[in-house]
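Each chain, written out:
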Number of protein chains: 2
Amino acid sequence: MMFSEKPLPDAVDLRHHLSELAKARSVSPLKGLQKYMDKPGLISLAGGLPSPQYFPFHSLGAEVLVEDQFPLNPSSHPSSLSWFWKLFGSKPAERTTSVSVPKFADKTGDIDLATALQYSMAKGLQPLQDFIKKFVENVYQPAYGNYVTLIHAGNTDGVNKSIMTLCNPGDGVLMSEWTYPSTMATIKPLGVDVVPVGMDGQGMSAIALEQLLAEWDVEAHGGMARPRVMYTVPIGQNPTGATMGAQRKKEIYAVCVKYDVVIIEDDPYYFLQQGEYVPKAERVEEDVVVHKDEEKHFVASLAPSFLKFDYQGRVIRLETFSKTIAPGSRLGFFTCNPMFAERLERQGETSTQAPCGFGQSMVASLLLQWQYPGYIRWLRALRLQYKARRDFFIDCFDEQFSMRRSIAASGAHTGAVVYEGSLKPLRGEKFAASGKTLFSFIPPSSGMFIWMQLHFDDHPELATLGTKELEMKLWTALAEAGVMFGPGAMFSSVNIAEDAGGPGHFRISFSNAEYDELKKSVEIFQTVIRKFFKDL
Amino acid sequence: MMFSEKPLPDAVDLRHHLSELAKARSVSPLKGLQKYMDKPGLISLAGGLPSPQYFPFHSLGAEVLVEDQFPLNPSSHPSSLSWFWKLFGSKPAERTTSVSVPKFADKTGDIDLATALQYSMAKGLQPLQDFIKKFVENVYQPAYGNYVTLIHAGNTDGVNKSIMTLCNPGDGVLMSEWTYPSTMATIKPLGVDVVPVGMDGQGMSAIALEQLLAEWDVEAHGGMARPRVMYTVPIGQNPTGATMGAQRKKEIYAVCVKYDVVIIEDDPYYFLQQGEYVPKAERVEEDVVVHKDEEKHFVASLAPSFLKFDYQGRVIRLETFSKTIAPGSRLGFFTCNPMFAERLERQGETSTQAPCGFGQSMVASLLLQWQYPGYIRWLRALRLQYKARRDFFIDCFDEQFSMRRSIAASGAHTGAVVYEGSLKPLRGEKFAASGKTLFSFIPPSSGMFIWMQLHFDDHPELATLGTKELEMKLWTALAEAGVMFGPGAMFSSVNIAEDAGGPGHFRISFSNAEYDELKKSVEIFQTVIRKFFKDL
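Each chain has its residues counted from 1, following the order in which its sequence is written. To label them, take the chains in the order written and letter them from A, then take the ligands in the order written and number them from 1. Where totals are concerned, whole chains, interfaces and linings use all residues; where local detail is concerned, this predicted model gives features only for residues with pLDDT of at least 70, and gives and counts side-chain atom pairs only at 80 or more. The side-chain numbers reported here are obtained from all heavy atoms of the structure, hydrogens and water having been left aside.

Undergrad: Teacher, can you tell me more about the domain arrangement of chain A here?
TA: Where the parts come together, the accessible area they lose is often given as the size of the interface. All names here are of chain A. Taken domain by domain, chain A consists of domain 1 (116-372) and domain 2 (387-534). Domain segmentation is taken from an automatic or database assignment of domains. Distance between the C-alpha centres of domain 1 and domain 2: 29 Å. Taken together, the contact between domain 1 and domain 2 spans 31 residues of the former and 31 residues of the latter. Two parts placed together each lose some accessible area under a 1.4 Å probe, and the buried area is that loss summed for both. Summing the contributions of domain 1 and of domain 2, the shared interface buries around 2700 Å²; its carbon and sulfur component is 55%. Its largest share of buried area at the contact with domain 2, domain 1 owes to Trp178, Gln274 and Tyr277, together 32% of the area lost on that side. Salt bridge criterion: a side-chain nitrogen from Lys or Arg within 4 Å of a carboxyl oxygen from Asp or Glu. Inspection of the region where domain 1 meets domain 2 yields two salt bridges. Linking Arg283 and Asp395 is a salt bridge whose minimum nitrogen-to-oxygen distance equals 2.5 Å. Identification of polar contacts relies on pairs of N or O atoms within 3.5 Å, with a donor-acceptor requirement for protein atoms, meaning one able to donate a hydrogen and the other able to accept it, and with residues adjacent in sequence counted only if both atoms are side-chain atoms. Across the domain 1-domain 2 interface, the total number found is 15 residue pairs in polar contact (both at pLDDT 80 or more). Those elements that place two or more of their residues in the side of domain 1 that touches domain 2 are β5 (172-176), α7 (181-187), β6 (193-197) and β7 (199-200). Residue contacts follow a heavy-atom distance rule, with two residues in contact if any of their heavy atoms lie within 4.5 Å. Helix and strand definitions follow DSSP, with helices as H or I runs of at least four residues and strands as E runs of at least two, each counted in order from the N terminus.

Undergrad: Got a minute to help me understand the confidence of the model for chain A in this structure?
TA: Any region with low pLDDT has predicted coordinates that should not be read closely. The quantity known as pLDDT measures the predictor's confidence residue by residue, on a range of 0 to 100. Here chain A averages 91 in pLDDT, while 91% of its residues score no lower than 70. Here residues 76-80 of chain A scores under 50 on pLDDT; set against residues more than four positions off or in separate chains, the count is twelve contacts.

Undergrad: In this structure, what is going on with the interface of chain B and chain A? I would like to understand it.
TA: Counting from both sides, the interface comprises 105 residues of chain B and, opposite them, 105 residues of chain A. Across the interface of chain B and chain A, roughly 8600 Å² is buried in total on both sides, 62% from carbon and sulfur atoms. For chain B, the biggest contributors to the area lost against chain A are Leu45, Tyr54 and Met484 of chain B; these three give 11% of the whole. Connecting chain B to chain A are two salt bridges. Counting across the chain B and chain A interface gives 49 residue pairs in polar contact (both at pLDDT 80 or more). No other element matches the 13 residues that helix α12 (residues 357-400) of chain B contributes to the side of chain B that touches chain A. For this classification, the nonpolar set comprises Ala, Val, Leu, Ile, Met, Phe, Trp, Tyr, Cys and Pro, the charged set comprises Asp, Glu, Lys and Arg, and every other residue, Gly included, is treated as polar. Along the lines of polarity and charge, the residues of the side of chain B that touches chain A split into 57 nonpolar, 34 polar and 14 charged.

Undergrad: Just to check I follow, could you spell out the packing of helix α13 (residues 462-481) of chain A against helix α14 (residues 515-534) of chain A for this structure?
TA: For any two helices packed against each other, the geometry is given by the interaxial angle and the distance between the axes. All names here are of chain A. Convention adopted: a line fitted to C-alpha atoms gives each axis, helices being fitted over their contacting stretch, and angles between N-to-C directions are expressed from 0 to 180 degrees. Remark: α13 packs on α14, axes separated minimally by 10 Å, with the N-to-C direction vectors making an angle of 135°. By the criterion of interaxial angle, the relationship of α13 to α14 is oblique. Crossing of α13 over α14 shows right-handed handedness. Of the residues in α14, those in contact with Leu470, Lys473, Leu474, Ala477, Leu478 and Ala481 of α13 are Ile524, Phe525, Val528, Ile529 and Phe532. Among the residues making up the contact of α13 with α14, the classes are represented as ten nonpolar, no polar and one charged. Any angle from 65 to 115 degrees is called roughly perpendicular, while one under 35 is roughly parallel, one over 145 is roughly antiparallel, and all others are oblique. Less than a right angle of anticlockwise turn of the near helix away from the far helix marks a crossing as left-handed, whereas a clockwise turn marks it as right-handed.

Undergrad: So what exactly am I meant to see when it comes to the packing of aromatic side chains here?
TA: The geometry of two aromatic rings is summed up by the distance between their centres and the angle between their planes. The aromatic pairing rule takes the rings of Phe, Tyr and Trp, using the six-membered ring of Trp, and pairs them if the centres are within 6.5 Å, calling planes under 30 degrees apart stacked, those over 60 edge-to-face and the rest tilted. This structure, assessed with the given rule, holds 74 aromatic pairs over all chains. Taking 5.6 Å as the distance between ring centres and 55° as the angle between the ring planes, the aromatic pair formed by Phe401 of chain A and Phe525 of chain A counts as tilted. Placement of Phe401 of chain A in strand β13 (residues 401-407) and of Phe525 of chain A in helix α14 is noted, with a sequence separation of 124 residues between them. With a centroid separation of 5.2 Å and an interplanar angle of 80°, the aromatic rings of Phe393 of chain B and Phe397 of chain B are classed as edge-to-face. Of the two residues, Phe393 of chain B and Phe397 of chain B both sit in helix α12, four residues apart, roughly one turn of that helix.

Undergrad: What is the right way to read empty space enclosed by the protein from this model?
TA: In this approach a probe as big as a water molecule rolls over the atoms, and the regions it shows empty are the leftover space. In this analysis the probe radius is 1.4 Å and the grid spacing 1 Å, with only protein atoms considered; a cavity is a set of points the probe fits into but cannot get out of, a pocket is an open set with protein on both sides within 12 Å along at least five of seven lines, and lining residues have an atom within 4 Å of a point. Grid points are joined across faces, edges and corners, and a volume is the space filled by probe spheres set on the points. A complete count under the given rule lists eleven cavities of 30 Å³ or more for this structure. In this structure, the largest cavity spans a volume of roughly 150 Å³. When residues of the lining of the largest cavity are traced back to their parent elements, those giving at least two are α6 (155-166) of chain A together with α6 (155-166) of chain B. Class assignment of the residues belonging to the lining of the largest cavity gives a composition of two nonpolar, eleven polar and five charged.

Undergrad: Just to check I follow, could you spell out the relation of the copies chain B and chain A for this structure?
TA: Note that the two copies of the chain are related through a rotation about an axis and a translation along the same axis. To line up the copies, we fit them by least squares on C-alpha atoms, keeping just the residues with pLDDT of at least 70 in both. The operation relating chain B to chain A is a screw motion whose rotation component is 180°, with 0.0 Å of axial translation and a residual RMSD of 0.0 Å. Taken together, the rotation and translation relating the two chain copies correspond to the operation of a two-fold axis. Take the interface residues of chain B: 100% of them recur as interface residues in chain A, which is what a same-surface contact looks like.

Undergrad: Just checking my understanding: could you explain helix α8 (residues 206-214) of chain B for this structure?
TA: Because the α-helix completes a turn every 3.6 residues, residues three or four places apart line up on one side. Residue and element names in this part refer to chain B. Along α8, the positions that sit buried rather than exposed are Ala206, Leu209 and Leu213. Mapping the buried residues of α8 onto a view down its axis gives an arc of 60°, with all of them on the same face. Those residues of α8 hidden inside the fold are in contact with β5 (172-176), β6 (193-197), β8 (203-204) and α9 (246-258). Where α8 begins, the capping side chain belongs to Ser205, and its oxygen is found 3.2 Å from the backbone nitrogen of Ile207. Partly exposed describes any residue whose relative accessible area lies between the buried limit of under 20% and the exposed limit of over 50%, with all areas from a 1.4 Å probe on protein chains only and scaled to the type maximum. Throughout, the arc means that of the directions going from the helix axis to the C-beta atoms.

Now the structure itself:
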């Protein structure tokens, strides 16, 4: 049974983008049976389903936080003082409400365990599907009318399924120079190569992308055809923290239309958009302005998704509940054209099947408890929590170092406001590196990470050790001293071994540690980097 | 980074079984960081982890059934009278106990949501890992000392990961002539072909397997090398319901050693071993005999796993909680050698990651609540529930048809006791097909299915329509009349189109429908098949 080739409605024809693997997948074996399955009174002895009577779960329940657990005015909020409560042993209570899922629902259509814990279509629970569809419509306003949403088991699963659906061995995938290592680890064993694209302060550069595609030389790329898939983390880019605005997205989309490129938009940090960093001394306590339609105002304040410009259906958007609810939910969803969605669903049937029913029913119950306005309320406060964390963390650098602001003129950071750190001179200390820029970063406007550049230029060991080894030497010294950063080399889509010199990098996460730990980590960093350069 | 080639301890060298894809997978990026991660007091800013403070789940809980909810003397049990309670509107209450998982555990090592809902190693929760390891040791007693258990997201996921780890495009996988369609749908798009092996009443034939491998002719198989992977569902085989005993397993294992074949043992029905079917008239109510060590006695009564004979570490056993707890848990585990396990874990990291934390924590909480003896108690009763269902269902055939017993002399059923069904003559009716065998089946000794052979031999339309179409014609007539069976052609690993004539098949599940529905379905079957042959 081969995939039946129907034209894609309301869009350009994208069938040629399917991988051989995706084309070879069966049609659903249930397709022929479907017309009878909804027949009233039908006794089905066709499936290998255990009786729900034998599910040892009578009911499932949870105490869930109320949607306004976190304030819209975060400076007044306990979390920024968590170190204080930790020291003094009391924490403010979580305000909760109950959700519960019985084995059998009283009302048709309600979530129950007899359904959620049974085998099911890879599409998952209907109430969850409905919530997601409405959410995508309200928040992203896709330009392509005929889009479909389909749940998956988290964005790592989503990336894996997307690549297997779009790429054959020998293909290349366009990715930023600095990129998410897990995606590289996913695609390379499939025989698919990473094709690095230049970046600037907004992430992937449309100019670099166009130039790469326009000048593509099959021979020079070892026989690789011009790539037809692009992978991007456009908001809070991993690792650089860059946020790609609407204009850049339009430009990149236009290039992708011109060269027939499908876009995989991996967007876990979408709701962690925090706005520009303002140094503590210049920061003004803003009043919470109440808008007439808070939800719409919030949604409009966010950088748009590629979906908003995708009139051809060439975007596969991957969204996850990992950052907005919990990573362990292993639950997220695709938004894409129905032809891709159908192939992705078939792939789900032969691997993950539907995501875990415990997770589906708990996440769905939470969302139905909160409803759309409640979830939006949660997200509005969540991004402010991350904003407060980012601000606090960068403030710590200001305390420990002399930080200078400048505008980057070249390189991956072109056009962005860069913070350059140098050592504060210690009294009576004569130290050559004082006053020199040892590291720099662009305060991220989204996401979880500081992407730090390490200015090894004048380090005398640079010539002998090279950037990668020097970076690991500093990384190890920091780990020995009690703080662990993400080694920058992991995030490079370019082979670092070929790199002679240049800056090192760390990805530093401010998303999880307690505030006092964030503070302490910068103190340790100051002590270690001082010694690292002093020991020259 | 390539997979480092270390020798496999205590076993033959099986590295050459790894697929190119499996070899190309990165080593864990965390490996280098690991030695620091356990450092006391370390502040890690390396991962992209949200703070558990932002998980909107304060606690998770469930009412779970007690382990002795179902009796060890099932004939006295309500479930066999469920149609009675359904009619009269009252059902016996489920006896439950509570489990709950807080966000933060009071005691180190206890399950908590801060861990279960966070990103984690693909290995999953430690208490679940520990339970599984002990369970495998007690129940299967693997011959290979150095085995490893590793969780996965259900056996469909397990099959997919196993095939991707072992097979390259162009390879073949040995499978029974009749086999599980989902596995075929999983492997074929990967460019891996199914190589059918002959069967008898115990499932795959060791003689047929040996002959196929001994006489393998690359040319005759279109250039395919002799297969080095075998896939089997040895207990309650899907669809035939066959159970492979210890002797057959030893024989097949010896063939696999001789020809260097890795065995994928997909064993979802292991605990649904029901024993031989005894006709109602001959059935004797057995007293529950209390043994000194009930757990050991029960375990010893079951057909062993391939693990028990696998002294070389060439078995990958796939086990799932789908049939013993619930399919929606999407949770199961591999048992295999550590080299395969390491590659499978890396594959997990780049696709599913760890299975859903809601599911892991709920299944683990249930198992820890029951403990090993409690879970064994649950399993002992569960198989009796399925035995009661099977017996009831086959009894229904005895009521509706004239059933004759015989020993099959040839074909897939060789050596087994076969039940042949013919129509009971209706008073005053003159019907040529009366007395002729219209269908037959071997009562399954395990699993969920009756695998019915349809005796189309004398059907005059056989010559014109062929088996497949005649089968679908009868299938459709049944669906129209209100009962749905599984169409047999779906389960064939041999191309049915090449099949001129021969019997048709249905796979009929007795696992899920209510007892009154099971009864009614056989009545409908009797009416429809009478008409089907009468309408000749």
